[in-house]
Number of protein chains: 2
Amino acid sequence: MDIEQFRKADYQAIDRICDYYYSLQERSVISTVEPGYLRKHIPLSPPGEGEDFQVIADDYQKYIMPGLTHWQHPSFFAYFPTACTFEGILGDLYASSTANPGFNWSSSPACTELEAIVMDWAGDLLGLSSAFSNQAGVGGGVLQTTASDSALVVVVAARALYMRDHPDAKLEDLVMYTTTQTHSLGSKAALVLGLQVRSIEVKLDHGFALREDALRDALESDAKIGRKPFILIATVGSTSSGAIDNLADIRKVAEDYPSLWVHVDAAWAGVALSCPEYRCELYLDDINSFAHSFCTNFHKWGLVNFDCSALWVRDRKNLTNALDITPIFLRTKHGDAGTVIDYRNWHLGLGRRFRSLKLWFVLRGFGVAGFQQYIRQCIALNQKFANLVDASDELSLVTKPSLALTVFRIVPKLQEENQPSLSLDSLNDLNRVFFGRLSARHDIMLTQTSLNGIFCVRLAVGAARTNEGHIQEAYNIIIEEAKFAVQTWEQTVNGVATVG
Amino acid sequence: MDIEQFRKADYQAIDRICDYYYSLQERSVISTVEPGYLRKHIPLSPPGEGEDFQVIADDYQKYIMPGLTHWQHPSFFAYFPTACTFEGILGDLYASSTANPGFNWSSSPACTELEAIVMDWAGDLLGLSSAFSNQAGVGGGVLQTTASDSALVVVVAARALYMRDHPDAKLEDLVMYTTTQTHSLGSKAALVLGLQVRSIEVKLDHGFALREDALRDALESDAKIGRKPFILIATVGSTSSGAIDNLADIRKVAEDYPSLWVHVDAAWAGVALSCPEYRCELYLDDINSFAHSFCTNFHKWGLVNFDCSALWVRDRKNLTNALDITPIFLRTKHGDAGTVIDYRNWHLGLGRRFRSLKLWFVLRGFGVAGFQQYIRQCIALNQKFANLVDASDELSLVTKPSLALTVFRIVPKLQEENQPSLSLDSLNDLNRVFFGRLSARHDIMLTQTSLNGIFCVRLAVGAARTNEGHIQEAYNIIIEEAKFAVQTWEQTVNGVATVG
């Protein structure tokens, strides 16, 4: 493909992407294909000779598009959102067009310098203390691929720091702390690193937040048996219910355990720190005063296309001490002099994309005000949904709505006063039927979860095109399916009762 | 930015990318900025209000472009190439536009299905055995971010397998094997995982290839002291000199050590397997018959934009056994039934980009013939350069040219017969001066390395626009600098001699 063919193919791609966004609302959210659908349309081997790009582009529309779930659809409420903005797409496009890996400063100075600056911008947006800024030169921020990578990097750094301070400690005595609501990134890091993990139980009554007593108990009991807790992954905005660990409590405990690295995983909720009114609830002061590291994914709810996981550390030397390997073919004048950041020593891989470009485009394109407006709009829409749920006869909130996430289930009203209330098992059965019905639809997408044995449904707001109408429509669909599920279920139960 | 503003901004981006490629040859390869240049042009904080995209796009040209090293410049010969094709850019663009994370099948079926198919295409292109194909259902291929991630994943899988087969083994007795020429990904994996690594010495006489004796000696000596070698990272095309470990030898040894996982890291050279004439030299038969895993980066020398590290394993269960964590919010009907691949259990993170799209676009756009033609052209250009070096009075090859990589240095001709030949230290000093002069230029970019104490210069061919003229020009520049370096150096030496 020569330059003019590229111009033509790319203009067409742009037009088709525009058409996609104009027509997004009319599409099904969920793909209806069956496993194996694509092998029917694609040959077993690559073509011998190159094909015309028009054929390839048309095949994308014909065969790939039907197999896509539309995460940007205004009725997509599953998992957490994946950000996709036009500014983000443009950032990806420019970055892709020059293919600069930026693994050290001199491999492409702009990649490193923009990342250092824009991570400071992002820290500023979220109200992070200058202790985490690149400008100040002690802490710093770096873009990683995912929150799992960020967590893995931090656990490796914390382990290295612990072993340096406790040279006699044995690796098999080390233990990572998470809670029963921590994202699977905690147990995955433990699995990858071959480390023990202790998952501290958190309670529904506490909104699934880790509190002082539970943490202190764990630390004291582990001390007795010689286990060495070296890192706690605390969560601000858990995946299942948006739970927020009590960082003020954790801070108090951490003062007594200075060897415990506290990593704050705010992969989803962290971007809400951009709005000052949520900073208290999200424990910004505690993050600023004592957290060793903090992560939020701009590619989730932060308007930047995947991948853009932002990680800040209070002391960059903890990363580079743990990860620096500089063979001679990577040595450079500036790197040797220590006058520049060599980001390859801040993460697991070597090569890296020029990801700061899209973050820069998004932060400039939206400005602080535009970013805040988007976050506030998502929270307001979720509050509207939560209010509808709360006011309904069929549905009930399982936990307090958290920012842009609502977790709910069916709890049928008792028809007669003396009717015994339903067992957890029965309620779970009913809600599984309910979720099964919701999942069978193609006009909306939600996900399930389980909170200490309670089967629930999650609705997460985040697609940029979702408005009040989509929320009302989602509620209508959900209520319709809830009523149907209850009806079917009552018939079954009564039927069985009659037979009995 | 609304849809029409996006269309406009994107058309402009395309036009500017086209201009970039039209003007690439006239640019300096290397950026001339000094550390800290960008902070002078960019404010400390993000703007309060959103900015017009035209201003942002213009700032990209004004402030970012001057800080880029042009990896696609025809006179870029440093490191290894980073692939960038128009087909690859288009694949990135389409993928970015829908932002599908594809961490399990149902999150977007097309992402999983296309990756499974296209990895089979890629295996087919390289001549990999069907033991590695997704279609066959036992082995399989997956796209990772970098070869470092691929290696890390494989080491984790190998460790889990070893510990399952040897439940009494202690982690601290485990040892990874690399050679003194293995890429830093080996020692980085060891650092990350807290494992011992043994770096087996390889020799210049053997072209820096690992051979039977060295491997067997290491295994026998470790057995005596109770260490447990569980993985060998063998290299096909090392970074410093393109060395190729003797996989036929390794295979013989591995037959006696069935617990040793052999991973073949062919990050750079693996794509040359697309040309049948190199398959013997690159030990394809051995890879197919016994390697546990094989990795090559299409984003290096394989025409696909970063990131696109292709990893194949002979038994996919070794990955999923080591990495599968499925919390309830990620459970799906098809995943539970095991009828689909859930790629999140094949790598470290959870979220992932729709990377197979660009690989599909490239393989279709080029076809097998086009892909081969590009590889052969790079090898022929490198051969031309190596021949010039070999015929020159000043320069000398340090190792046999490997595919598209030449490693050379200055070895001045003795002016008088009885003049003593230069010591290694003197030669290294001279070559450092030589490389210093080359690095100070902006019209060409090469990198240095050291091979068992010999300081050398590397020239790697790979930019799609490099032609014979650029190779001749590179040689002219190199010879000019070599002559100047020798002259200066002789004057210094003679000057000192005269004074003495």
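Calculation rules
Residues numbered from 1 in each chain as written. Chains lettered and ligands numbered in written order. Predicted model: local features only at pLDDT ≥ 70, side-chain atom pairs only at ≥ 80, totals over all residues. Heavy atoms only, no water. UniProt positions renumbered as here; feature names shortened; annotations may be inferred. Helix = DSSP H or I, 4+ residues; strand = E, 2+ residues; numbered from the N terminus. Contact = heavy atoms within 4.5 Å. Salt bridge = Lys/Arg side-chain N within 4 Å of Asp/Glu carboxyl O. Buried < 20%, exposed > 50% of the residue type's maximum accessible area, 1.4 Å probe, protein only. Phe/Tyr/Trp six-rings, centres within 6.5 Å; stacked < 30°, edge-to-face > 60°. Lys NZ or Arg CZ within 6 Å of the ring centre and 35° of its normal. Pairing = 2+ DSSP bridges. Axes fitted to C-alpha atoms, helices over the stretch in contact; angles between N-to-C directions.

- If you check an unreviewed UniProt entry, chain A appears there as Aromatic-L-amino-acid decarboxylase from Hebeloma cylindrosporum.
- We quote the UniProt Sequence similarities (unreviewed entry) comment for chain A here in full: "Belongs to the group II decarboxylase family."
- Here chain A is described in UniProt, under the heading Cofactor (unreviewed entry), as follows: "pyridoxal 5'-phosphate".

### Some points on the UniProt feature "modified residue: N6-(pyridoxal phosphate)lysine" (unreviewed entry) in chain A
Residue and element names in this part refer to chain A.
Phase 1: Under the UniProt annotation, "modified residue: N6-(pyridoxal phosphate)lysine" (unreviewed entry) lies at Lys300.
Phase 2: Considering the arrangement of structural elements, one finds lysine 300 in helix H10 (residues 298-301).
Phase 3: If sequence neighbours within four positions are ignored, lysine 300 has contacts with Phe80, Pro81, Thr82, Ala83, Ala267 and Trp268.

### A closer look at the pattern of salt bridges
Phase 1: Throughout the structure, instances matching the rule amount to 56 salt bridges over all chains.
Phase 2: Of the charged contacts, one joins arginine 198 of chain B and aspartate 222 of chain B as a salt bridge, the two residues approaching to 3.2 Å between their closest N and O atoms. Of this pair, arginine 198 of chain B sits in strand E3 (residues 196-200) while aspartate 222 of chain B sits in helix H7 (residues 212-224), and the two are 24 residues apart along the sequence.
Phase 3: Residue class for aspartate 222 of chain B comes out buried when judged on its relative accessible area of 1%.
Phase 4: When salt bridges that share partners are traced, they join Asp92, Asp307, Arg353, Arg355 and Lys358 of chain A into one network.

### Considering the packing of aromatic side chains
Phase 1: With the rule as written, the count across this model stands at 40 aromatic pairs over all chains.
Phase 2: On the numbers, 4.2 Å between centres and 20° between planes, the contact of phenylalanine 86 of chain A with phenylalanine 6 of chain B is stacked. Of this pair, phenylalanine 86 of chain A sits in helix H3 (residues 86-98) while phenylalanine 6 of chain B sits in helix H1 (residues 3-23), placing the two residues on different chains.
Phase 3: The buried category is assigned to phenylalanine 86 of chain A, whose relative accessible area is 5%.
Phase 4: A network of ring pairs unites the aromatic residues Phe53 and Tyr60 of chain A together with Tyr94, Trp360 and Phe361 of chain B as a single cluster.
Phase 5: Its guanidinium or amino end placed over the ring of phenylalanine 80 of chain A, arginine 458 of chain A lies 4.8 Å from that ring's centre, counting from NZ or CZ.

### So, the sheet that holds strand E9 (residues 405-410) of chain B
For sheets, the rule is that strands pair by backbone hydrogen bonds, running either parallel or antiparallel.
All names here are of chain B.
Phase 1: The 4 strands are arranged E8-E9-E11-E10 in an open sheet whose pairing can be described as antiparallel. Looking at which strands have only one partner, the edges of the open sheet turn out to be strand E8 (395-397) and strand E10 (447-451). Taken over all neighbouring pairs, the strand axes of this sheet differ in orientation by 45° on average, direction set aside.
Phase 2: Where E8 meets E9, 3 bridges bridge the pair, whose relative direction is antiparallel. Looking across to E9, one finds that serine 396 is bridged to arginine 409.
Phase 3: Along the sheet, helix H13 (residues 356-391) contacts E8, E9 and strand E11 (454-460); its crossing angle with E9, the most-contacted strand, is approximately 20°.
Phase 4: The strands touched by helix H14 (residues 424-440) within the sheet are E8, E9, E10 and E11, with E11 carrying the most contacts at an inclination of about 35°.

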